[in-house]
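Structural overview
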Amino acid sequence: MSVTIQLPTALRTFTDGLSEVVVEAATVDEALRQLTKNYADLKRHLFDDDEKLRSFVNVYLNDEDIRSLNGITAAVKSGDTIMLIPAIAGGVQYKTVTFQNTDLF
Amino acid sequence: MVRSILWIILDCMTILDVVGKTPLVPLFADRAGAKIFGKAEFLNPSGSVKDRAAKAMIFDGIKTGKLTKNKTILDATSGNTGVALAMFGAVLGYRVTLCLPSNANKERKRVLKAYHAEIIATNPLESSDGALLKARQLAVENPNIYFYSDQYNNPENWKSHYNGTALEIWEQTEHNLTHFVAGMGTSGTFIGTSRRLKELNPAIKTIPMQPASPLHGLEGMRHTETTIKSGFYDTSLFDGQIDVTTEDARAMTQQLAGKYGLFVGISSGANVLAAVKLAETLPPDAIVVTILCDSGFRYLSDELWD
């Protein structure tokens, strides 16, 4: 099954700047494993030393939190979208922003 | 007579008058070695250190004539600055519009609504940068509608700590502090406080705490290695750097509540952990001060407390 994984800006450094990556998988877990296989540097940011998904990464399958599905073992079908959303709203990288002093005052 | 004078003074006060002058709390008093203190910024009226910057930015806007009664206060925020601006907007009679990533926690959204602030939700994948771009766009397109407080570039942000937080810490430690440690979001707290402390005593070391990974759970703190810097970011004030993982910060936050009765947010836990790490390398006569940024009540829905 071909699924699209959408990445937060904080992680795009590790996917050559890509905001989306398409992988073949049957479950969310398989999709994330495939993602971190393709982009090895991502792995330690998504999974801890015990191979568990880090607590501050929220995973959505087609806009639904996987906690309300079967967790990371939730099945995916072709065309599904997985979103990795930081659990916090502020504090990650501003990689995509060209930030300058402004004269808006 | 005395009572009536006091009453007149009280009658003129607003919530703005109780910003700052927060206590300095001894931490780990049972621990041998260097002393550690936390500046209890969560006791500010809106519940976070951001009251200082928000008050300074609003007052400066009024003083310079950029914030007039017909204008709406606008900024991008992941929460605490927005809450502070919304509270002051409510008491001073200004409308407040905040660009906020939609994944900001519900406590913050509800508090903002309580203060009647307008929330413009931005893409959660883009975190604060999406909110920032949206706020800048709105400010550029509608200069007659908005007063853009621009916490990431407004010098009033760091100056509020230069003129407030730093002097309070200096007096509260009876001029004896040796080290200041704090994480950075806009970097206003760290830059303003460190700059003044070093002017008061150049021997004082000021060390930023930062998240160990670009994706982390330390709300409000930024991983600075690859970030775009705020307008007043100044590495000349850095005497080293202490990295903290989200997992370790969470453990410390839980310990602060469960063992020391300090119910604070995770950024406070991260700051305290950095202070402890630093203190372990210092002689017993050293005095380390850090910031307790906000209250744990702002994170009640977080699984940290499950």
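Residues numbered from 1 in each chain as written. Chains lettered and ligands numbered in written order. Predicted model: local features only at pLDDT ≥ 70, side-chain atom pairs only at ≥ 80, totals over all residues.

Brief notes about the pairing of strand S8 (residues 205–211) of chain B
All names here are of chain B.
- Of all seven residues in S8, six are buried, a share of seventy percent or more.
- Note that strand S7 (residues 179–183) and S8 share five bridges and pair parallel. Residue histidine 179 lies in a different strand from S8, and its bridge partner there is lysine 205.
- Remark: the S7/helix H7 (residues 188–200)/S8 crossover connection has right-handed handedness.
- Here S8 runs beside strand S9 (residues 242–244); their pairing, made up of three bridges, is parallel. When the sheet's bridge partners are listed, proline 211 is paired in S9 with valine 244. (Buried ≥ 20, exposed ≤ 12 C-beta atoms within 10 Å, placed from the backbone. Helix = DSSP H or I, 4+ residues; strand = E, 2+ residues; numbered from the N terminus. Pairing = 2+ DSSP bridges. Right-handed = clockwise from strand over helix to strand, strands pointing away.)

Brief notes about the sheet that holds strand S3 (residues 57–61) of chain A
Residues and elements named next belong to chain A.
- Strand order in the open sheet made by the five strands is S2-S1-S5-S3-S4, with mixed pairing throughout. Every interior strand has two partners, whereas the edge strands, strand S2 (20–24) and strand S4 (64–65), have only one.
- Alignment of strand S1 (residues 2–6) against S2, held across five bridges, turns out to be antiparallel. Residue pairing in the sheet places isoleucine 5 in a bridge with valine 21 of S2.

Brief notes about the packing of helix H2 (residues 50–63) of chain B against helix H6 (residues 155–172) of chain B
Residues and elements named next belong to chain B.
- Across the interface, H2 lies against H6 with an axial gap of 8 Å and an inter-helix angle of 115 degrees. The orientation of H2 with respect to H6, classified from their angle, is roughly perpendicular. Judged by the twist between their axes, the crossing of H2 over H6 is right-handed. Contacts between H2 and H6 pair Arg52, Ala53, Lys55, Ala56, Met57 and Asp60 from the former with Glu156, Asn157, Lys159, Ser160, His161, Gly164 and Thr165 from the latter.
- Here the contact of H2 with H6 is built from residues that sort into three nonpolar, five polar and five charged. (Axes fitted to C-alpha atoms, helices over the stretch in contact; angles between N-to-C directions. Parallel < 35°, antiparallel > 145°, perpendicular 65-115°, else oblique. Left-handed = near helix turned anticlockwise from the far one by under 90°. Contact = placed C-beta atoms within 7 Å. Nonpolar A, V, L, I, M, F, W, Y, C, P; charged D, E, K, R; others polar.)

Concerning the nonpolar core
Residue and element names in this part refer to chain B.
- With 46 residues, the main nonpolar core has Ile36, Val181, Ala270, Leu273, Ala274, Ala275 and Val288 as its most contacted residues.
- Elements with a minimum of two residues in this core: strand S2 (35–39), H6, S7, H7, S8, helix H8 (246–260), helix H9 (266–279) and strand S10 (287–291).
- The biggest single contributor to this core is H9, with nine residues.
- With near-sequence residues (within four places) excluded, isoleucine 36 lies in contact with Leu27, Phe28, Ala275, Val276, Ala279 and Val288.
- By size, the runner-up hydrophobic cluster in this structure holds 33 residues, among which are Ala56, Val83, Ala84 and Leu98. (Core = buried A, V, L, I, M, F, W, Y, C linked by C-beta atoms within 7 Å.)

Focus on the confidence of the model for chain A
- For chain A, per-residue confidence averages 83 on the pLDDT scale, and 84% of positions sit at 70 or higher.
- Within the model, the stretch residues 92–105 of chain A combines pLDDT values under 50 with 41 contacts to residues more than four positions away or in other chains. (pLDDT = per-residue confidence, 0-100.)

Concerning the domain arrangement of chain B
- Domain boundaries in chain B define domain 1 (16–49 + 160–305) and domain 2 (50–148).
- Looking at the side of domain 1 of chain B that touches domain 2 of chain B residue by residue, the classes come out as six nonpolar, 12 polar and four charged. (Domains from an automatic or database assignment.)

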